[in-house]
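# Structure assessment
Listed below are the residues making up each chain.
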Amino acid sequence: MTIRLASELQLDSVVDGTGIRTVIWTQGCSHNCPGCHNPSTHDFSGGFSKDVDEIIDEINNLEGQTGITFSGGDPFFQPKECAVIAKAVHNANMDVWCYTGFKFEELLLMAEKNKDIMNFLKNIDVLVDGEFIMAKKSYNIKFRGSSNQRIIDVKQSLKKKKIIIALADDVDVDYNFGRCDKEGIYI
Ligand code: SF4
């Protein structure tokens, strides 16, 4: 199985989720958000193909990383491949964040027809959802480009059948351990 990527794994990110993270930049996105910072990742035939097993090997050999973040592009255009990788990330005792231009509610609807979407969702800890909206762009929000995007605790949201926010903007983040400092917030 191969996945289409925009670049090789990027280590040591502190802006794509809590802690120190490795980012998987997937290739392909059709949301076309005006002002997108990564237009080179839109073309579904751009980037390059990489064997999923090779990526998992690289993940298993990582040191000093809190977790993996799927970004792009939009990872939900390759849910089957991403689900396999995300499962391996958890097996390696790291957590999974994912950025998507879809809203969580849209993904749930899509999942009714595509089991790979739900399989991927179930292997994500934190989802940052929604398109980038230039009019809502802000430098005062954590881990997002625009204030419409939400940082969602996927497991709790699926369990409680309503959206549970994982990380609010008024919460301090412990960057060393990738955890937050209030009850109910992402652990
Ligand atoms: S979803 Fe992300 S990658 Fe896709 S156009 Fe919007 S900002 Fe760009």
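Now for a look at the structure at hand.

This paragraph deals with the nonpolar core. Counting residues in hydrophobic clusters, the biggest one holds 37 residues, and the most contacted among them are Ala 86, Ile 124 and Val 126. Breaking this core down by element, the ones donating at least two residues are strand S1 (2–5), strand S3 (21–25), strand S5 (67–71), helix H2 (79–91), strand S6 (95–99), helix H4 (115–122), strand S7 (126–129) and strand S8 (150–153). When residues in this core are grouped by element, the largest group, six residues, is from H2. In this view, Ile 124 contacts Ala 86, Val 96, Cys 98 and Val 154; residues no more than four positions away in its chain are not counted.

On to the site of the ligand. Taken together, 13 residues form the shell around the ligand, and within it Cys 29, Cys 33, Cys 36, Gly 101 and Phe 132 come nearest. When grouped by side-chain class, the residues that make up the shell around the ligand number four nonpolar, seven polar and two charged.

A large share of S5 lies buried, amounting to five of its five residues. The sheet contact formed by S3 and S5 spans five bridges and is parallel. Within the sheet, the bridge partner assigned to Val 23 lies in S5 and is Thr 69. Across four bridges, the pairing between S5 and S6 is parallel. Considered in S6, the bridge of Ile 68 is made with Val 96.

Thresholds, definitions, all that
Residues numbered from 1 in each chain as written. Predicted model: local features only at pLDDT ≥ 70, side-chain atom pairs only at ≥ 80, totals over all residues. Core = buried A, V, L, I, M, F, W, Y, C linked by C-beta atoms within 7 Å. Buried ≥ 20, exposed ≤ 12 C-beta atoms within 10 Å, placed from the backbone. Helix = DSSP H or I, 4+ residues; strand = E, 2+ residues; numbered from the N terminus. Contact = placed C-beta atoms within 7 Å. Near = placed C-beta within 6 Å. Nonpolar A, V, L, I, M, F, W, Y, C, P; charged D, E, K, R; others polar. Pairing = 2+ DSSP bridges.

Note that every value here comes from positions in space, so none of it alone points to a role or purpose.
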